[in-house]
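Structural characterization, general
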Amino acid sequence: MTVRIEGQRVRATFLRRVNRFVVEVKQGGRAVRAHLANSGRLTELLAPGRPAMLVARHSSTRKTRYDLALIRYHGLWVSVDARKPGPLLAEAIVNGQLPEFEGYSLNRTEPAVPAESRKTKGTSPVRGRFDLLLEGPKGPCYVETKSVTLVEDGRALFPDARTTRGARHMRQLADLAEGETDSAVVFVVQRADARELSPHWLSDPYFGWELVAARRAGVRVLACRCKVTPYEVTIIDTIPTVLV
């Protein structure tokens, strides 16, 4: 259940967020820019002066030389790379390390949303993809993962900003469950100090109610907690989900 942080790791100090996907850090005595693979607000993490871990990326097509991988927050490393949860969960399932998915195998990653789930509640058809397609005792199982970085008083909260895409995923998963197709959403908390997970009602109540409706429709709702080091991110266990 481990994803290594591949590439040359470089320590830095966070300075500021330039835009949604670019940050500025101090490295080697000068300010440099890095790619941030996360569209969340991350307000409590992206504060000037916080220790950061970069990964060097060498490509002629990139505008930045680095990815921002980790932020040090209150003595803990937090992974801010929202691309990690899918591979983490896939590895855990393949290795049989999550009892909740016992008897399941990985069919493929990034499956297209099935046609019967593209039109929800009178809206226009929307194409898209989930993160994983599994094969299980009941047949195919569509899984969406969500990266969680916000924790308050031991409670992980998602999302930290409004997410219409996330709400749409919940409706699509619910449509599948109502049609008796196995489906699940897994929240991957990329830090070790969470004891439970809840929707962030103040940030996006609409997503919260869509998540509650999805569970009532039969969508499995799980949360995993990770240990993060400068070298790797590891799922260590599952934590309770408290929706209402």
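See the structure printed just above.
Right, let's talk about the environment of L36 for a bit. Considering the arrangement of structural elements, one finds L36 in the loop between strand 4 (30-35) and strand 5 (51-56). As for L36 and D81, which are separated by 45 residues in sequence, their C-alpha atoms are 7.1 Å apart. Contacts of L36, omitting those with residues within four sequence positions, involve R17, R20, F21, V22, V23, L42, L46, L68 and V80.

To continue, consider the sheet that holds strand 12 (residues 155-158). In space, the three strands of this open sheet follow the order 11-12-14, with mixed pairing throughout. Taken across any chain shown, the strands that pair with only one partner, and hence form the sheet edges, are strand 11 (150-152) and strand 14 (196-199). Across the sheet, the mean angle separating the axes of adjacent strands is 35° when strand polarity is ignored. Pairing analysis gives three bridges linking strand 11 to strand 12, with the strands arranged antiparallel. Residue pairing for strand 12: L150 is matched across the bridge by L157.

Turning next to the pattern of salt bridges. Side chains that carry opposite charge are capable of pairing whenever their charged atoms lie near each other. For the coordinates displayed, the defined rule picks out 14 salt bridges. A salt bridge links E24 to R33, with the nearest nitrogen and oxygen atoms 3.7 Å apart. We classify E24 as buried; its relative accessible area is 16%. The exposure class assigned to R33 is partly exposed, which follows from its relative accessible area of 40%. One network of salt bridges, with partners in common, ties together R57, R62, D67, D81, R83 and K84.

Attention now goes to the state of the cysteines. Evaluation of the coordinates by the stated rule reveals zero disulfides. You can see C224 has no disulfide; the closest cysteine sulfur is in C226, sitting 7.1 Å from it.

The buried count for strand 10 (residues 139-148) comes to nine of 10 residues, which makes it a mostly enclosed element. Where strand 9 (residues 132-136) and strand 10 come together, five bridges link them in antiparallel fashion. Paired with L134 across the two strands is C141, which belongs to strand 10. Remark: two residues form the turn of the hairpin made by strand 9 and strand 10, two consecutive strands paired antiparallel.

About the criteria used
Residues numbered from 1 in each chain as written. Predicted model: local features only at pLDDT ≥ 70, side-chain atom pairs only at ≥ 80, totals over all residues. Heavy atoms only, no water. Helix = DSSP H or I, 4+ residues; strand = E, 2+ residues; numbered from the N terminus. Contact = heavy atoms within 4.5 Å. Pairing = 2+ DSSP bridges. Axes fitted to C-alpha atoms, helices over the stretch in contact; angles between N-to-C directions. Salt bridge = Lys/Arg side-chain N within 4 Å of Asp/Glu carboxyl O. Buried < 20%, exposed > 50% of the residue type's maximum accessible area, 1.4 Å probe, protein only. Disulfide = S-S within 2.5 Å.

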